[in-house]
Amino acid sequence: MTQELSTTAPEHLPRQRGDWWRDAVIYQVYVRSFADSDGDGIGDLRGIRERLPHLAGLGVDAVWITPFYASPQADGGYDVADYRAVDPLFGKLSDADDLVREAHRLGLRVIVDIVPNHTSDQHPWFLAALAGGPERAYYHFRPGKGANGELPPNDWESVFGGPAWTRAAVPDGDGGTSQPEAGGEWYLHLFAPEQPDLNWEHPAVSEEFASVLRFWLDLGVDGFRIDVAHGMVKADGMPDIGLREQAKMIGAQVLPFFDQDGVHEIHRSWRRLLDGYEGERIGVAEAWAPTAERLALYVRPDEMHQAFNFQFLRCPWDPDRMREVIDASLAATASVGAPTTWVLSNHDVVRHPTRYGDGPAGLRRARAAALLMLALPGSAYIYQGEELGLPEVTDLPDEVRQDPSFFRAEGQDGFRDGCRVPIPWTRSGSSHGFGSAGSWLPQPDSWGELSVEAQTGVPGSTLELYRAALAVRREHPGLGAGDAVTWLDAPEGVLALARDGFLCTTNTTGTEVELPVPGTVLLSSGAPGFGDGTVRLPADSSTWWAI
Ligand code: NOJ
């Protein structure tokens, strides 16, 4: 690994203007499910590198790679034991270096994940904390309530279900710990017990993360997706919430452990650090905020560049709700001069063809939603396999599941293995071209026909629809630009969104809708029928027009 090359902006990257990220289309790779180069059934960094031509050919601007750092994998790598090392499951540090260089050679930027809210329970800091070292102050240890401290310090619940606290043993004073029944203090974990929350009030924590960010920036990455960017600061005194099922309130109200105003100071300091590097390196906040206005606070000019718009992701297939969310999102981000960041799927949610209804209608709507999303001003994220129209896998046997929320929140919704099934590259063969020796989660047999191979060059396939949409978006840079849209009058159930010589019509109804031909068709997710000066928009379809 040489550092001289990587600290400067890669010269061959397209859109060298300073604000490449404002309208960038960014492809999310979930490492363990993208491509397996060494036949262990788990995707890896070399696998990603070998498949980069698919992403360049698709026409995206950048790739976001989920955590590949050394980790016991209690939560798919979001439990990091060493932030500067690549987990042997995924390769070596030199593979990360090669991947970044090859991506840059192909004109793709690379964003990596950073997990600052918590470490793994196997991180040297936490092991030292359990043994009673000064690192204890880097986490949130508290005495329990009750006569013998047998109750958690407060009523906070883990996002994955159950209490957000686990009782540790008393350190034995010898650098080890006594038996758990000796009952020590409790430590906070907003996710799994293997993911203890860091105490960001401690200066050693912020210093360490600044150093970790520099490590990856020096290697040449173009930015970070910041995991739980709304969670690092907890309300003073850690007050009780007084309500159960707190996971359902995330993103609906400010909680004493999420979206506290104090997190913005951390984002400001990270922005200063990013701005110290050439080439416009960016920060993308994974922040769950209750309103578009509170989300916009994360993308003020001196904070992060982007924040995922989960209100859009959560919006049902309902034209009025979609329009409301689009308007509210654009207005909120415009008020701080930032772009809106659209996303329909990721590795934590049910894939959108299934959310929108499964079967043919779900897929039709998903394709229409993709064209709607890509017609909006701002940046857009595509989750791996979305370009193939993959549905959620809903019938995984319990014994193959690995999502910690499945084990902790039995009976609740939201298990995430069904959207993480390795993607199909070929019609046949072991794991449909994912790797040479099966895949860590079984793929449905029907996925051969959804593979990259099966869809390539097939007119009307979902893959060719995405390719064409991204090509049109590149030819018409105005498409992702600006911060507002104009809604035109349209029949009931049809959204008609105009911008600068361009129109997107989305028929959200389950039947054909006829209207006067508004322009020349650029692209459609259905097959519009033309009559005497009129066009029939197919059910659940979007069409792009030059007007
Ligand atoms: C958000 C990540 O996307 C998710 O996969 C993870 O479980 C949590 N943060 C905790 O790190």
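Residues numbered from 1 in each chain as written. Predicted model: local features only at pLDDT ≥ 70, side-chain atom pairs only at ≥ 80, totals over all residues. Heavy atoms only, no water.

Draft legend 1. How the structure looks around helix H10 (residues 359-374). The terminal C-alpha atoms of H10 lie 23 Å apart, and with 16 residues this matches the ideal 22 Å at 1.5 Å per residue to within 8%. What H10 keeps buried is the set Gly362, Ala366, Arg367, Ala368, Ala369, Ala370, Leu371, Leu372, Met373 and Leu374. (Helix = DSSP H or I, 4+ residues; strand = E, 2+ residues; numbered from the N terminus. Expected span 1.5 Å × (residues − 1). Buried < 20%, exposed > 50% of the residue type's maximum accessible area, 1.4 Å probe, protein only.)

Draft legend 2. Representation of the site of the ligand in the model. Not every one of the 14 residues close to the ligand is listed here, only the nearest: Asp75, Asp227, His347, Asp348 and Arg416. Between the ligand and histidine 118, the relevant distance is 3.0 Å, taken from an oxygen atom to a side-chain nitrogen or oxygen of the residue. Here aspartate 348 contributes a side-chain N or O atom positioned 2.4 Å from an oxygen atom of the ligand. Burial of the ligand by the surrounding chains reaches 98%, relative to a free accessible area of 300 Å². Looking at the shell around the ligand residue by residue, the classes come out as four nonpolar, three polar and seven charged. (Near = heavy atom within 4 Å. Polar contact = N/O pair within 3.5 Å; in protein donor to acceptor, adjacent residues only side chain to side chain. Areas by Shrake-Rupley, 256 points an atom, 1.4 Å probe, with all protein chains shown as cover. Nonpolar A, V, L, I, M, F, W, Y, C, P; charged D, E, K, R; others polar.)

Draft legend 3. Seen up close, the sheet that holds strand E18 (residues 520-524). Ordered in space as E14-E15-E16-E21-E18, the five strands form an open sheet in which the pairing is antiparallel. With one partner strand each, in any of the chains shown, strand E14 (486-487) and E18 form the two edges of the open sheet. In this structure, E18 lies alongside strand E21 (residues 541-546), joined through four bridges in antiparallel fashion. Bridge pairing links serine 524 to threonine 543 in E21. On the sheet, helix H13 (residues 462-475) packs against E18 and E21 and is oriented at approximately 135 degrees with respect to E18. (Pairing = 2+ DSSP bridges. Contact = heavy atoms within 4.5 Å. Axes fitted to C-alpha atoms, helices over the stretch in contact; angles between N-to-C directions.)

Draft legend 4. Region of interest: a negative patch on the surface. On the surface, Asp320, Glu324, Asp327 and Glu492 cluster together to form a negatively charged patch. Here glutamate 492 lies in the loop between E14 and strand E15 (494-499). Residue classification places glutamate 492 among the exposed positions, given a relative accessible area of 76%. (Patch = residues over 30% accessible without salt bridge, like charges linked within 9 Å, V, L, I, M, F, W, Y side chains within 5 Å. Salt bridge = Lys/Arg side-chain N within 4 Å of Asp/Glu carboxyl O. Lys, Arg positive; Asp, Glu negative; His and termini not counted. Charge placed at Lys NZ, Arg CZ, Asp CG, Glu CD.)

Draft legend 5. Here's a closer look at unusual backbone geometry. Of note in the backbone geometry, glutamate 280 takes a positive phi value of approximately 50 degrees without being a glycine. By secondary structure assignment, the location of glutamate 280 is in the loop between helix H5 (263-275) and strand E10 (282-285). Of the residues examined, glutamate 280 reaches a relative accessible area of 28% and is grouped as partly exposed. Non-glycine residue serine 431 carries a positive phi angle of around 45 degrees. In this structure serine 431 comes out as buried when scored by relative accessible area, which is 10%.

Draft legend 6. Expanded view of the pattern of salt bridges. Scanning all chains against the criterion turns up 30 salt bridges. The residue aspartate 240 makes a salt bridge to lysine 145 at a minimum N-O spacing of 3.6 Å. Here aspartate 240, found in the loop between strand E9 (223-226) and H5, pairs with lysine 145, found in the loop between strand E6 (141-142) and strand E7 (165-167); they are 95 residues apart in sequence, far enough to count as distant. By relative accessible area, lysine 145 is classed as partly exposed at 40%. Here arginine 401 ties to aspartate 398 by a salt bridge, and the two come within 3.6 Å at their closest N and O atoms. Looking at aspartate 398, the relative accessible area reads 46%, which means it is partly exposed. Through salt bridges with shared partners, a single ionic network connects Asp75, Asp348, Asp403, Arg416 and Arg420.

Draft legend 7. Spotlight on the environment of phenylalanine 215. With respect to the helices, strands and loops of the structure, phenylalanine 215 is situated in helix H4 (residues 203-219). With a relative accessible area of 24%, phenylalanine 215 lands in the partly exposed category. In this view, phenylalanine 215 contacts Arg84 and Leu93; residues no more than four positions away in its chain are not counted.

Draft legend 8. Representation of the state of the cysteines. Counted according to the given criterion, the structure contains zero disulfides. There is no disulfide at cysteine 315, and the cysteine sulfur nearest it, in cysteine 504, is 15 Å away. You can see cysteine 419 has no disulfide; the closest cysteine sulfur is in cysteine 315, sitting 19 Å from it. According to the relative accessible area criterion, cysteine 419 is buried, its value standing at 1%. (Disulfide = S-S within 2.5 Å.)

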